[in-house]
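What follows is each chain in one-letter form.
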Amino acid sequence: MEQKLFYLELSSEPIRFDAVSQLTNVFFDDSNRQVFAVRSGGATGCCVKGPGETDLISFCMEDKGPIRSIKFSPNNKILAIQRTDTSVDFVNFLNNQPQMNDMVVYKGKNVTIHGFVWVHEKEVAVISNGSVEMVVLNMEKKQAKCLKSISMTINWFMWYAPGNLALLATNNGSVLMPVLLKQGTITKLPKLEPQSERGLPERDVTLAQIYGTFAILILRPTETRTLSVVIYLLNGPGLSPKKSHVLCLGHSGRFAINIVDDLVVVHHQATGTSMLFDIALSGETDSSGVVHHTPMTPGRPIKPFSLKMPSLSFDGETKKFAELGDFSTKYRYRCETWLHVRTHGKPVLMSILIELMGPQYNNASLPVIENIFDKLNVVYKGHVNAELQNQIAQPSFAKQQSVKSVVPPRVLIDQNDLHAVFATISDTAYCNKLLMTYIHSLAKHKIAAQQDLSKMIIVDLVRHKKFDTLRKLIALSLLHESKPLACFLLSLSSADDSITQMALDMLHKLKANGIIVEVLLGQGKIIDALRLAKSLPGGEATLSARKYLEAAIKGDPLVFYSVYSFFQQRNVRLRGSQDFLKNELCNEYIEHYQNTFCK
């Protein structure tokens, strides 16, 4: 039986509330992410739930008629309630209970109030059919004062809380006016005229933010009688709306749109399916520069979800999610080509890498893995460059203000992450091939290999006796170049004589001449070591005669003679005499010289 694939699923931890009924109305405030379940009948009982487990407020108040809208201020200290077209009530809250004696009533002047939005703890924007008014509340004095206002005919409005952005529809919806509503300010942005003869109803418009840019999404018919979503981005001069993308739906009927982690999710009512779009991916660009996108994947339904609920009935049946008062969504996706721009894409992408590089690996998947490495390293390189620029900021600038920390990309998979993946396959025959693919991807993007990864590559190459490959990597500086890594190379020199020279080559690049001298002495190359040591800071005057004579006495007598003669001449140049100083502790070497070469 074929397993069904779902791209979307409902949260396993939903917000639960009383279902809508003749006595219960439910309101959702997307600013505070609170659900209000309001039960009427004599007194009005209200249960408010937020996204957290402890975000629960329950209270009762006098029933003064049906509620049209209800929202808390950002700090939950004032409750705003709209019951009529002409007024909004503001009630003080103390210890999570309404203080009905401390109520302020805002009344519109010959207008119909469409709604209101909180912009600050004591400021609310009231939007009517004739104006937008910024109202400041003084609950102590029981005053609601208009600070600023703009007058215009408004048919409907929508609100995007994270950006404090309202979209006002005027001229029967044929003109859309974005407005920033912030504390004490109302800022009109350039209007959008989408050329709709009949005007746009509110249900066909979505206000959102995609990849950090405000966006207006509009459902529009096409020549083939299907619908598409036209996306206007507010990223030009003065945030002027610009037609930038078109999402080709290929269906007609009713749709709903959500933005989830910058994915545009379009739900089609008739088929009960949802389509995913990502405007960051390439599409077909028309002559005006607008990019046309088709769904990333075929439309599929949301994964079914049910809860077993306590029941007074004998059957105790599990109820479907739609029958309950629950509200929450999240997404799941499987396409690695766009996981790197998803907020929670890293765990999924890491699992894909582990799967591709795991026991089921085959050579056919190598190009796919290489492509993933390259995409990851494009992001990784951008982050490395940003950190570098941050570190080399001008000192004078750094004194004036602290250097800002670099914000990592949504999904950053660096060498430490890949090192962990490679560690799981280090004993396999194909690990070397994948390591080489990754190191070449790093080199392609001019990213320096780090020490742990370089050490893993060295161990793998030595184990498989691929010394020529190792030599080339070192010659091309594709491995991490450091004194510790060079010393690690030296510790493996018993595997092949060429490894010592590779380590010396790396030390030479690092100008670590002091370490090279020690290596040469350990190899018995006393003359070479002495010749190099003379070029070190301080020159021959700082050389320890005992150190070199001790190494020379173990080998060829002629080498000992040459080294001894060198230090005699050095002593003459420094002190005018061939004699060694007592504190140089060279008596045994003086005696050996006299017994061997002076008889």
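The shown structure was predicted, so the numbers you read here are calculated from the model rather than taken from an experiment.

**Re the overall build of the protein**
And then number 1: Regarding its fold elements, the protein presents 14 helices and 29 strands.
And then number 2: In the protein, buried positions account for 44% of the 599 residues.
And then number 3: Taking all contacts inside the protein whose residues are at least 6 apart in sequence as the whole, residues at least 24 apart take part in 48%.
And then number 4: Total accessible area on the protein stands at roughly 32500 Å², and carbon and sulfur atoms take up 50% of it.

**Comments concerning the sheet that holds strand β14 (residues 156-160)**
And then number 1: Spatially, the four strands line up as an open sheet ordered β14-β15-β16-β17, and their pairing is antiparallel. Two strands lie at the open edges of the sheet, namely β14 and β17 (185-188), each paired on one side alone. Across this sheet, the average inter-strand angle for adjacent strands is 25°, counted without regard to direction.
And then number 2: The pairing of strand β15 (residues 165-170) with strand β16 (residues 175-182) spans six bridges and is classified as antiparallel. Opposite A169, over in β16, you have L176 as the bridge partner.

**Remarks on unusual backbone geometry**
A negative phi angle characterises most non-glycine residues, just as the trans form characterises most peptide bonds.
And then number 1: Of note in this structure, R33 is not a glycine but carries a positive phi near 55°.
And then number 2: In this fold, R33 is placed in the loop between β2 (24-29) and β3 (34-39).
And then number 3: A positive phi angle, near 70°, is found at D262, a position not held by glycine.
And then number 4: As for its position among the elements, D262 is in the loop between β22 (255-260) and β23 (263-268).

**With respect to the pattern of salt bridges**
And then number 1: Enumeration over the complete set of coordinates arrives at 14 salt bridges.
And then number 2: Between E588 and R546 there is a salt bridge, with its nearest N and O atoms 3.5 Å apart. Residue E588 is located in helix α14 (residues 587-597), and its partner R546 is located in helix α12 (residues 545-552); the two are separated by 42 residues in the primary sequence.
And then number 3: Given a relative accessible area of 45%, E588 falls into the partly exposed group.
And then number 4: Several salt bridges converge on common partners, so that one network encompasses D261, D262 and R410.

The rules behind the values
- Residues numbered from 1 in each chain as written.
- Predicted model: local features only at pLDDT ≥ 70, side-chain atom pairs only at ≥ 80, totals over all residues.
- Heavy atoms only, no water.
- Helix = DSSP H or I, 4+ residues; strand = E, 2+ residues; numbered from the N terminus.
- Buried < 20%, exposed > 50% of the residue type's maximum accessible area, 1.4 Å probe, protein only.
- Contact = heavy atoms within 4.5 Å.
- Areas by Shrake-Rupley, 256 points an atom, 1.4 Å probe, with all protein chains shown as cover.
- Pairing = 2+ DSSP bridges.
- Axes fitted to C-alpha atoms, helices over the stretch in contact; angles between N-to-C directions.
- Salt bridge = Lys/Arg side-chain N within 4 Å of Asp/Glu carboxyl O.

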